Amino acid sequence: MTKPRLKYSFLNEDPNCELKLIPAGVETIVCVAGSGFRVLPLLSHPSLKKIYIVDHSKAQLDNTRKILALFDEPDYECFIQQINPTSAQSQIYSGQHEHSYFLRARLLRLFFLGQLNPKIDLTQSLRWPLFTKIYARFLRTIRKESSPFQNYANYLTTSFKKLMSTPYDQNFFWQQFLYGHAKTLNAFTNLIPEATWVSAKNAINRIDIQYVENDIVDFLEAKTQEIDFISFSNIINYLSDARKSALEKALEKSLRVKGQILLRSYLDPINLKSDCLIEDRSKMDVLETEMTGSYLMKVYEKI
């Protein structure tokens, strides 16, 4: 099998949760490109005037351009037909990350043959610890991380239990966990609803979209009190202590007063050390609605 060129080809985050977190009046957003699908819903924010799409990977930036070109489709139904999200051969499952989910689903079938039912809590099975151990080893290898195996096992168990608490037919990530891809159209349309797509389509021509091939920390270091909101993905997991310190300084410099950053982490606690950045806990209820089951999430605000 040819190794996918893209690392990410679809969402690993819940865009509906993120949209609810973005304050009213935000005009300038910085977002990691990722697959491009995480950018698409942000364009529906009513006050948005400029978005910087930043990624060190040219392939991911090029794919984002390709995804945003789907707004040329005449309507939402045509957009859905182009994506064909319930097919395992859909373009949204072509990335390395998405291929790892197919591997996870195959491993689940191997360990729990006949038990793949969204109502069955597989974490209570005697086979679950061995499954998490094997998949944790795989995750550590592909992500080249040094976190203890126990952290990954806890992460997988917590994610599974969170997903079980959500409606299966409406949760893309729950279906992806079990089968590697969406099984119902509702799962995809709940993730990117028609209203979001139409709002973004109507707004795209008035928004200044800047594609930036750069490390996001380096990019932010070059900005001064310009940014209202930053969507940071789970990159914080991969930053050294020195780079985390550089990020804190870059945020102090680049964010406007009351500007915010959404941070995600798979495994590690999120704690920024800055007198200028405080955790905004006013939307904790929104964070609880997050559908992936995969992340620790915090919002920090510049004061």
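Residues numbered from 1 in each chain as written. Predicted model: local features only at pLDDT ≥ 70, side-chain atom pairs only at ≥ 80, totals over all residues. Heavy atoms only, no water.

A. View of the sheet that holds strand β6 (residues 277-279). Taking strand neighbours across the sheet as the criterion, the 7 strands line up as β3-β2-β1-β4-β5-β7-β6 in an open arrangement whose pairing is mixed. Taken across any chain shown, the strands that pair with only one partner, and hence form the sheet edges, are β3 (208-213) and β6. The sheet shows a mean angle of 20° between the axes of neighbouring strands, direction not considered. Where strand β1 (residues 28-32) and strand β4 (residues 227-231) come together, 3 bridges link them in parallel fashion. From the neighbouring strand, C31 faces β4, where its bridge partner is S231. Against the sheet, helix α3 (residues 58-68) contacts β2 (50-55) and β3, and its axis sits at roughly 160° relative to β3. Contacting β4, β5 (255-265), β6 and β7 (296-302), helix α12 (residues 241-254) runs over the sheet at an angle of about 145° to β5. (Pairing = 2+ DSSP bridges. Helix = DSSP H or I, 4+ residues; strand = E, 2+ residues; numbered from the N terminus. Axes fitted to C-alpha atoms, helices over the stretch in contact; angles between N-to-C directions. Contact = heavy atoms within 4.5 Å.)

B. View of the pattern of salt bridges. By the definition in use, this model includes 13 salt bridges. Put simply, D62 and R65 hold a salt bridge, and the shortest N to O gap is 3.1 Å. Of this pair, D62 and R65 both sit in helix α3, 3 residues apart, roughly one helical turn. Judged by its relative accessible area of 28%, D62 falls in the partly exposed class. For R65, a relative accessible area of 39% translates into the label partly exposed. With a shortest N-O distance of 2.7 Å, D215 and R243 are connected by a salt bridge. (Salt bridge = Lys/Arg side-chain N within 4 Å of Asp/Glu carboxyl O. Buried < 20%, exposed > 50% of the residue type's maximum accessible area, 1.4 Å probe, protein only.)

C. Looking closely at helix α4 (residues 76-83). When α4 is considered as a whole, its buried residues turn out to be Y76, F79, I80 and I83. On an axial view of α4, the arc spanned by its buried residues comes to 100°, and they lie on one face. Residues of α4 that are exposed and point more than 90 degrees away from the buried face comprise E77 and Q81. Those residues of α4 hidden inside the fold are in contact with α2 (39-42), α9 (185-191) and α10 (194-203). (Arc of directions from axis to C-beta.)

D. Seen up close, the packing of aromatic side chains. Inspection of every chain in the model, using the stated rule, returns 24 aromatic pairs. Pairing F111 with F131 gives two aromatic rings, centres 6.0 Å apart and planes at 65°, and the pair type is edge-to-face. With a gap of 20 residues between them, F111 in helix α5 (residues 96-111) and F131 in helix α6 (residues 128-143) connect regions that are remote in the sequence. Comparing F111 with F131 shows no difference in burial state: the two are buried. Taken together, the aromatic side chains of F10, F37, F71, Y76, F79, Y93, F102, F172, F173, F188 and W197 make up a single cluster linked through ring pairs. A cation over an aromatic ring shows up here: R104 above the ring of F177, its NZ or CZ 4.0 Å from the ring centre. Against the face of Y295 rests R264, its NZ or CZ located 5.9 Å from the ring centre. (Phe/Tyr/Trp six-rings, centres within 6.5 Å; stacked < 30°, edge-to-face > 60°. Lys NZ or Arg CZ within 6 Å of the ring centre and 35° of its normal.)

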